Number of protein chains: 2
Amino acid sequence: MDHDLPDFDLSRFLPYRLSVAGDRLSAGLARRYRAEFGISVAEWRVLVHVTDAGEVSIRDLERRVNLEKSKASRAATRLAQAGYIRKAPNPADRRLLCLSLSEKGRELMSRLLPIASAYQARLEEIIGDRMSELEAALEIMATSELD
Amino acid sequence: MDHDLPDFDLSRFLPYRLSVAGDRLSAGLARRYRAEFGISVAEWRVLVHVTDAGEVSIRDLERRVNLEKSKASRAATRLAQAGYIRKAPNPADRRLLCLSLSEKGRELMSRLLPIASAYQARLEEIIGDRMSELEAALEIMATSELD
DNA sequence: TTGACATCGTTGCAATCGCAACGAAACTTG
DNA sequence: CAAGTTTCGTTGCGATTGCAACGATGTCAA
């Protein structure tokens, strides 16, 4: 061989570590939500945002909960079909959708939210006093210019 | 409505935050690797592990770099087809593959690795002294029992 | 007002995904 | 050694993905 390659440790590479940890954190909850309620991660995000924002468009979902618009659209369609949300045109701007939580959706969320909160609490407990630094780092990574 | 739902802030929910930050961190590098070298994230992981482990099986990839085996298999097939790795049966156990870096692969890595290292350095710079706590938290999340 | 342009949500499509099933090879047990 | 079991990598398949294209609607300037 003509020359050695530089050392590189994948296990310390941040994009990799975040991906592994993120997949792992999502997997537990996702499995449970899927098994018990038939809800995917995308659908969960739609539900959460509709729950606390009230009336929501596809564009809102794209911007606020990081869902690519076709993904948001399909998740919303499934949720509407399952009766968890209502889907109406926004009368003030008929390009926009107006998604809102149905009564059935409210019932669902009253079961989903405590599970998520408990999961979060468990994570915070495990992470302990590193939490504030972790949050700061996540905030930076989610917002800094990277290129 | 018969009762209020508990408050829940998705923007503070760790599985969500990790997913957003992870996607974002991967996206920059992935775009560049794809555009300049035609390499996907899965292929990049295979290359890294083959580069520093030498001879590698699909099972190794699954366990060491978190690639589901069919994904690892297809990534390895593409890399072999492109001439970046060799793919031979392991003579000591013919169920196993023996993947190794080709000369062409070595050349590729001599260009890929510095880019990744620079990216990591940039991230460490941005994150500053929160880095050690971040690493500790990631380690915990990647290994703790969650259920 | 009209025509050019921008925005929004949906959908077609090819690529990718993950899971299960499978054949081949290697162990295990009797 | 034979039969049953486990491990490994591949592949078939239905589901999901992201992107681009599109129709519908809204905005803006001439």
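All of the points below concern the structure found in this document. (Residues numbered from 1 in each chain as written. Chains lettered and ligands numbered in written order. Predicted model: local features only at pLDDT ≥ 70, side-chain atom pairs only at ≥ 80, totals over all residues. Heavy atoms only, no water.)

### Re the protein's contact with DNA strand C
Part 1 of the reasoning: Surveying the vicinity of DNA strand C reveals 19 residues, the closest of which are A:Ser57, A:Arg59, A:Ser73, B:Arg74 and B:Asp93.
Part 2 of the reasoning: The sugar-phosphate share of atoms of DNA strand C within 4 Å of the protein amounts to 67%.
Part 3 of the reasoning: Here a phosphate oxygen of DNA strand C sits 3.1 Å away from a polar atom, N or O, in the main chain of A:Ile58.
Part 4 of the reasoning: Within the contact set of DNA strand C, a phosphate oxygen lies 3.1 Å away from a backbone nitrogen or oxygen of A:Leu97.
Part 5 of the reasoning: Where the surface near DNA strand C is concerned, the elements lending two or more residues are helix 3 (58–64) and helix 4 (69–81) of chain A together with helix 4 (69–81) of chain B.
Part 6 of the reasoning: With four residues, the top contributor of residues to the surface near DNA strand C is helix 4 of chain A. (Near = heavy atom within 4 Å. Polar contact = N/O pair within 3.5 Å; in protein donor to acceptor, adjacent residues only side chain to side chain. Helix = DSSP H or I, 4+ residues; strand = E, 2+ residues; numbered from the N terminus.)

### A short note on empty space enclosed by the protein
Part 1 of the reasoning: Taken as a whole and assessed by the stated rule, the structure comprises one cavity of 30 Å³ or more.
Part 2 of the reasoning: Residue lining of the largest cavity: 13 residues in total, with A:Phe13, A:Pro15, B:Ser26, B:Val41 and B:Trp44 positioned closest to the centre.
Part 3 of the reasoning: Contributions of two or more residues to the lining of the largest cavity are made by helix 1 (14–37) of chain A together with helix 1 (14–37) and helix 2 (41–53) of chain B.
Part 4 of the reasoning: Ranked by the residues each element gives to the lining of the largest cavity, the list is headed by helix 1 of chain B, at four residues.
Part 5 of the reasoning: Here the residues of the lining of the largest cavity sort into nine nonpolar, three polar and one charged. (1 Å grid on protein atoms, 1.4 Å probe; cavity = no way out; pocket = protein on both sides within 12 Å on 5 of 7 lines; lining within 4 Å. Points joined across faces, edges and corners; volume = space filled by probe spheres on them. Nonpolar A, V, L, I, M, F, W, Y, C, P; charged D, E, K, R; others polar.)

### Considerations on the relation of the copies chain B and chain A
Part 1 of the reasoning: For the pair chain B and chain A, the best superposition has an RMSD of 0.0 Å and corresponds to a rotation of 180° with a translation of 0.0 Å parallel to the axis. Both chain copies can therefore be described as sitting about a two-fold axis. Among all residues of chain B, the minimum C-alpha distance to the rotation axis is found for B:Leu134, at 2.6 Å.
Part 2 of the reasoning: Looking at chain B, 98% of its interface residues are interface residues in chain A too, so the copies touch through the same face. (Least-squares fit on C-alpha atoms with pLDDT ≥ 70 in both. Contact = heavy atoms within 4.5 Å.)

### Overview of the side chain of B:Glu43
Residue and element names in this part refer to chain B.
Part 1 of the reasoning: Relative to the helices and strands, Glu43 resides in helix 2.
Part 2 of the reasoning: A residue is classified by how much of its surface remains accessible, and Glu43, at 6% relative accessible area, is buried.
Part 3 of the reasoning: Here Arg78 takes part through its side chain, which lies 2.3 Å from a polar atom of the side chain of Glu43.
Part 4 of the reasoning: What Glu43 contacts, discounting residues up to four positions off in sequence, is Gly38, Ala75, Arg78 and Leu79. (Buried < 20%, exposed > 50% of the residue type's maximum accessible area, 1.4 Å probe, protein only.)

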